[in-house]
Amino acid sequence: MKAKRIYSVTVENRSGVLSKVSGLFARRSFNIDSLAVGETDDPEVSSMTIVSSGDERTLEQIEKQLNKKLDVIKVKTFNEYQCVSRELMLMKVKYNKSNRNEIMEMCEVMKADIVDMSLHYMMIQICDTPEKIQLLINMFKSISIVEIARTGTLSLSKCIENDG
Amino acid sequence: MIGAEAIIKCLEAEDVKYVFGYPGVAICPFYNSILESDIKTVLVRTEQSAAHAASGLARITGKPGVCAVTSGPGATNIITGVATAYADSIPLIVITGQVKTDLIGSDVFQEADITGAVESFVKYSYLVKKAEDLPRIFKEAFHIASSGRKGPVLIDIPIDVQNDNIKNFKYPESVNLRTYKPTVKGNASQIKKVIKELAKADKPIMCIGGGVQLGQADDEVIKFAEKHNIPMVTTMMGIGTIPTDHPLYFGMVGNNGKPYANKAMNESDCVMMVGARVADRAISQPDLITKDKVLIHIDVDPAEIGKNAVSSIPLVGDCEAIFEDLNKEDFSSDTSKWLKALEGFKKELKIVRKPNKKYVDPQNFIETLTDKLKDDAIYIADVGQNQIFSCAYAKIKKGKFLTSGGMGTMGYSIPASLGAKLAAPKRQVVCVCGDGSFQMSMCELATFVQHGVQAKIIVFNNNFLGMVREYQHYSYKDNYSMVSLDGSPDLEKLVKAYGFDYLRLKTAKGLSEIIDKFLEDKNNCLLEVMIDPMDLVK
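These numbers come from a predicted model, not from an experiment.

Right, let's talk about the overall build of chain B for a bit. Within chain B one finds 22 helices and 18 strands. Its C-alpha atoms give chain B a radius of gyration of 24 Å, near enough to 24 Å, the size a compact globule of 538 residues would have. Structurally, chain B occupies a C-alpha span of about 70 × 60 × 45 Å along its principal axes. Every one of the 538 residues in chain B was classed for burial, and the buried ones make up 54%. Long-range contacts, defined here as pairs at least 24 residues apart, represent 76% of the contacts in chain B between residues at least 6 apart.

Printed below as a string of structure tokens:
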């Protein structure tokens, strides 16, 4: 049974660590569905959010192999229901007089913003769950998408009291 | 003090006696500074051998072996040796010279991204940016290499870092690594569960991997088995942990192992894997060892547990610490019926070889040789048919059996025997290889001569790459491709050119006398043993 799992990994903020982690996935044929990296409040520590999928044994191996890497400080894993996940997407579309209103309506419904505009193009920004973002892309397929830039998934486990 | 001198101070602080390597410009500051030290340097003839020699030494001393090579091709040449050590969890410190820091990334002469290239073959690697970091990095590297699941650590040091001044050299007393704290003690409740399952089991068996010797847990493990009369089998890397004539020992498992050892594993109701990976060569169908039986898996590396087989009781920790705890527990078990059944399998599944009388039978040769070896002798097998014959027939008493089990690297035995002999000059060290593996490392004969290390090399000559030929015999109906070794040199002339003594054994006639002569020889000696080119290991 294939399942999805989110790995929230804190690592030493050193050069080469991203390549070591991504190399591990390549070397052992683990999937990376999405990857996002950034600094944390501690400049010596980076946070990686990796979304992967596979059978239970593979998903367990991913966690163990990540823990084996000496630059990895901590690995937390959760499924989609145990965390809040967000992605950010910027999408440039071509518009014309006849569909401008329709686009603006869609943006309003989807809670997306128009952040830049020219005579024939506009840029839409959305920050939401990966599913909602996919939905927006699907909706715009009938209109003309020029280009898309999208971050990987960021996740944190849901707030519970006594969270360490 | 310059960086290079600091490195030597670090190695001295770690009580390093030998550095194996090959120089080049980028490692010259290091090899210049080492002249002031008591550490001895051993010049190998190709870099791969430096890693194998350091590995041979490490497997005898239990401490990391050290090698140092230059940048670029020196560094890339050592990768196979490093990968070989990694596959067998052998602790190594691999020092590579690197081009000047400000030239890194510009593809200058002899530049290679070695830390990138070895990433999947090392436990950890460093690219040193400042000379000041050297003491900390070396302290960490030795700690990482020799603790938890052991393995090679590579330190890449640009030439300017080796030449930079370092003000206050102080070798740290401890390491502070927030990301690395290997488990030593086994979880107490898991230990209780192990005891409970073993007490319930009618047909328990222990499968000993290389981890037991690496964790120096041999005595505790055997004590446990003897206390409860639990039979033992080993993987290839586990050979030598238990004396081969031990009444509880039932041979090596796996597709090249003893059929009765495999049957013992299959028939057992409780398998205790100790320091073994459950890899394909030992356990071809991991699902079978979990079917209808309890699998207890003890390993220092949590990632090994559940990787190839799902265990019923995982137990993570240092083998010695775990077995010290297990030995404190008491339970009663009666395995006499089970042991009797195993003795039955042994008789029923005994392989009877039909040797070709025109040649020397490897079984007869290895059994006679190892009978004559001293109790603490070190037997080093290469890779190929010679390895499988050695695994099957070598009798190991209190000595060691070294081979490249995980990676199966041909050419391992000659440089490994060089390292082993340096580690234990008073012990008998015998290296057994085939004519293929010999030719992969024959350049190292000069290394023995140059450094006054005694070489005792046995070459099984069948004029074939026997293991592949055997595979082509079974899988390609004798359609041989790339396996003939025609063109091989006259070994007598070759080794005599290096000042070696030479002996040859053509048939069983005079076998015992020639082996005596070989073992008694005070000089370097190569014994060529003619074996049947069409012989099969199974």
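On we go.
Let us look at the overall build of chain A. Each helix and strand in chain A was counted, giving 4 helices and 9 strands. Mapped in sequence order, the helices and strands of chain A form the string β-α-β-β-α-β-β-α-β-β-α-β-β. Principal-axis analysis of the C-alpha atoms places the extent of chain A at approximately 55 × 40 × 40 Å. The buried share of chain A, taken over its 164 residues, is 20%. By sequence separation, contacts in chain A at least 24 residues apart represent 73% of the contacts at least 6 residues apart.

This part covers the interface of chain A and chain B. The partner chain B presents 12 residues to the 15 residues of chain A that form the contact. Contributing elements (two or more residues each) for the side of chain A that touches chain B: α1 (17-27), α2 (56-68) and β4 (72-78) of chain A. The biggest single contributor to the side of chain A that touches chain B is α2(A), with 6 residues. Taken together, the residues that form the side of chain A that touches chain B break down as 3 nonpolar, 4 polar and 8 charged.

Residues and elements named next belong to chain B. Along its 13 residues, helix α7 (residues 134-146) runs 18 Å from first to last C-alpha, staying within 8% of the 18 Å computed at 1.5 Å per residue. For α7, the complete set of buried residues consists of Leu134, Pro135, Ile137, Phe138, Glu140, Ala141, Phe142, Ile144 and Ala145. Where the residues of α7 are buried, they touch α1 (3-13), β4 (92-98), β5 (124-127) and β6 (152-158). With its phi angle positive at about 55°, Gly148 sits one or two positions after the end of α7.

For B:Gln110, which is not glycine, the phi dihedral falls at a positive 55°. Its place among the elements puts B:Gln110 in the loop between β4 and α6 (114-117).

What follows concerns the pairing of strand β5 (residues 83-94) of chain A. Residue and element names in this part refer to chain A. Two strands pair when backbone bridges link them, and β5 and strand β9 (residues 154-157) are joined in this way by 4 bridges, in the antiparallel orientation. Residue Arg86 lies in a different strand from β9, and its bridge partner there is Leu154. With 8 bridges connecting them, β5 and strand β7 (residues 121-128) associate as antiparallel partners. Each residue of the ladder has a partner; that of Glu87, found in β7, is Asp128.

Residue and element names in this part refer to chain A. As far as domains go, chain A holds domain 1 (3-78) and domain 2 (86-155). On a C-alpha basis, the centroid separation for the pair domain 1 and domain 2 is 29 Å. Each side of the interface is counted separately: domain 1 has 7 residues, and domain 2 has 5 residues. When residues of the side of domain 1 that touches domain 2 are traced back to their parent elements, those giving at least two are β1 (3-12), β2 (34-39) and β3 (45-54). Among the elements that take part in the side of domain 1 that touches domain 2, β2 stands out by supplying 3 residues, more than any other. Residue classes in the side of domain 1 that touches domain 2 are distributed as 4 nonpolar, 3 polar and no charged.

It is worth spelling out the domain arrangement of chain B at this point. Residues and elements named next belong to chain B. Split into domains, chain B comes out as domain 1 (3-163), domain 2 (188-348) and domain 3 (362-530). Relative placement of domain 1 and domain 2: their C-alpha centres are 36 Å apart. Contacts between the two partners involve 6 residues from domain 1, matched on the other side by 6 residues from domain 2. Partitioning the side of domain 1 that touches domain 2 into residue classes produces no nonpolar, 3 polar and 3 charged.

Residues and elements named next belong to chain B. At a minimum axis separation of 6 Å, helix α3 (residues 47-61) and helix α5 (residues 79-87) run at an interaxial angle of 25°. In this view, α3 runs roughly parallel relative to α5, as classed from their interaxial angle. When α3 is examined against α5, the residues Gln48, Ala50, Ala51, His52 and Ser55 are found in contact with a partner set consisting of Thr80, Gly81, Val82, Thr84 and Ala85. Residues that form the contact of α3 with α5 fall into these classes: 4 nonpolar, 6 polar and no charged.

What counts and what doesn't
Residues numbered from 1 in each chain as written. Chains lettered and ligands numbered in written order. Predicted model: local features only at pLDDT ≥ 70, side-chain atom pairs only at ≥ 80, totals over all residues. Helix = DSSP H or I, 4+ residues; strand = E, 2+ residues; numbered from the N terminus. Rg over C-alpha atoms; globule rule 2.2 N^0.38 Å. Buried ≥ 20, exposed ≤ 12 C-beta atoms within 10 Å, placed from the backbone. Contact = placed C-beta atoms within 7 Å. Nonpolar A, V, L, I, M, F, W, Y, C, P; charged D, E, K, R; others polar. Expected span 1.5 Å × (residues − 1). Pairing = 2+ DSSP bridges. Domains from an automatic or database assignment. Axes fitted to C-alpha atoms, helices over the stretch in contact; angles between N-to-C directions. Parallel < 35°, antiparallel > 145°, perpendicular 65-115°, else oblique.

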